[in-house]
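# Descriptive structure summary
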Amino acid sequence: MKDLRRYLVLKYVQYLVLSSSNAISTFLGLLGSLYTIIILQSAKVSSKSTAVLISSLAKADILVSVSVVSEMVVWTFDVSISSTAFTSALLQNLLTANAHISCLLLSCVAFEAYLITFFPTESRHLRTVKNATLTSRVIWILVTAECTLFQTDDLLKASSTSAPNRSPCVLLFHFSSTAAALLKSLSYFLGILLRIVNVYIYYKIFFSMSNR
């Protein structure tokens, strides 16, 4: 469907073209995800592996909605938060999870488009709803684990000043801090790699279609 293609273009621009999301792209992304979730419920949309990946991509924006609504509630009603540092880190980690899940799912869609274009028959056994569902779940689990580590690190940093110097918390703090730093570096370089791979895939697809 053309609407799903437009939605994918919007998401590619939001996560793989723009260096960082802004208010306009975030708002358009949320509207696009809401519309996509609605049309994917229609019986006219075939249940294919690509639709499963796109559905998971749209649902990832729920994390953005939670973060945005929480900030609006705090700002509008001047709600006092007992642990400001923890809440701020949590909302930021929700946005991070959304960005990482979206980038990985968009890359899966691009890879599937590559298989459809160049290996339509050979890859048919790979492009199944079951594999797409499994891939989406694995991505969600891995990113959830990643952001749980980030949240733990932020929590330990906030409470490190009150912890005694020789307590077991110090060892846990150093371990989580090192692991979080390594994971952030890995995520950064993986993000660059995914951008390059996506550009290459659509470059190959574009010239392949042009030569036909």
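Residues numbered from 1 in each chain as written. Predicted model: local features only at pLDDT ≥ 70, side-chain atom pairs only at ≥ 80, totals over all residues. Heavy atoms only, no water.

### Quick word on the overall build of the protein
- When you go through the protein residue by residue, the secondary structure sums to seven helices and zero strands.
- Sorting the 212 residues of the protein into buried and exposed places 33% on the buried side.
- Residue pairs in contact within the protein that sit at least 24 positions apart in sequence constitute 79% of those at least 6 positions apart.
- Entry remark: accessible area of the protein is about 13400 Å², with carbon and sulfur atoms responsible for 70%. (Helix = DSSP H or I, 4+ residues; strand = E, 2+ residues; numbered from the N terminus. Buried < 20%, exposed > 50% of the residue type's maximum accessible area, 1.4 Å probe, protein only. Contact = heavy atoms within 4.5 Å. Areas by Shrake-Rupley, 256 points an atom, 1.4 Å probe, with all protein chains shown as cover.)

### Section: helix 1 (residues 2-17)
- In a regular helix each residue adds 1.5 Å, so 16 residues correspond to 22 Å; helix 1 covers 21 Å between its end C-alpha atoms and thus fits that length.
- Inspection of helix 1 places Leu 4, Tyr 7, Leu 8, Lys 11, Tyr 12, Gln 14, Tyr 15 and Leu 16 among the buried residues, and these make up the whole buried set. (Expected span 1.5 Å × (residues − 1).)

### As for the pattern of salt bridges
- All chains considered together, the criterion is met by two salt bridges.
- When the shortest N-O distance is used, the salt bridge between Arg 6 and Asp 3 registers 2.9 Å. With Arg 6 and Asp 3 both in helix 1 and three residues apart, this pair spans about one turn of that helix.
- Taking relative accessible area as the criterion, Arg 6 reaches 54% and is therefore assigned exposed.
- Asp 61 is paired through a salt bridge with Lys 11; the nearest N and O atoms lie 2.6 Å apart. (Salt bridge = Lys/Arg side-chain N within 4 Å of Asp/Glu carboxyl O.)

### Considering the layout of surface pockets
- Empty space within the largest pocket amounts to approximately 960 Å³.
- As for the largest pocket, its lining consists of 36 residues, of which Thr 96, Ala 99, His 100, Cys 103 and Ser 187 are closest to the centre.
- Put simply, the parts of the chain that give the lining of the largest pocket at least two residues each are helix 1, helix 4 (61-77), helix 5 (84-118), helix 6 (129-159) and helix 7 (168-210).
- Grouping the constituent residues of the lining of the largest pocket by class yields 18 nonpolar, 13 polar and five charged.
- Counted as a void, the second largest pocket has a volume near 720 Å³.
- Taken together, 22 residues make up the lining of the second largest pocket; nearest its centre are Met 1, Arg 5, Leu 8, Thr 50 and Ile 54.
- In terms of residue count, helix 1 provides more of the lining of the second largest pocket than any other element does, six residues in total.
- Taken together, the residues of the lining of the second largest pocket break down into 14 nonpolar, three polar and five charged. (1 Å grid on protein atoms, 1.4 Å probe; cavity = no way out; pocket = protein on both sides within 12 Å on 5 of 7 lines; lining within 4 Å. Points joined across faces, edges and corners; volume = space filled by probe spheres on them. Nonpolar A, V, L, I, M, F, W, Y, C, P; charged D, E, K, R; others polar.)

### Notes on a nonpolar patch on the surface
- A surface patch of nonpolar side chains, amounting to about 420 Å² of accessible area, comprises Ile 24, Phe 27, Leu 28 and Leu 31.
- Classification of Leu 28 as partly exposed rests on a relative accessible area of 41%. (Patch = residues over 30% accessible without salt bridge, like charges linked within 9 Å, V, L, I, M, F, W, Y side chains within 5 Å.)

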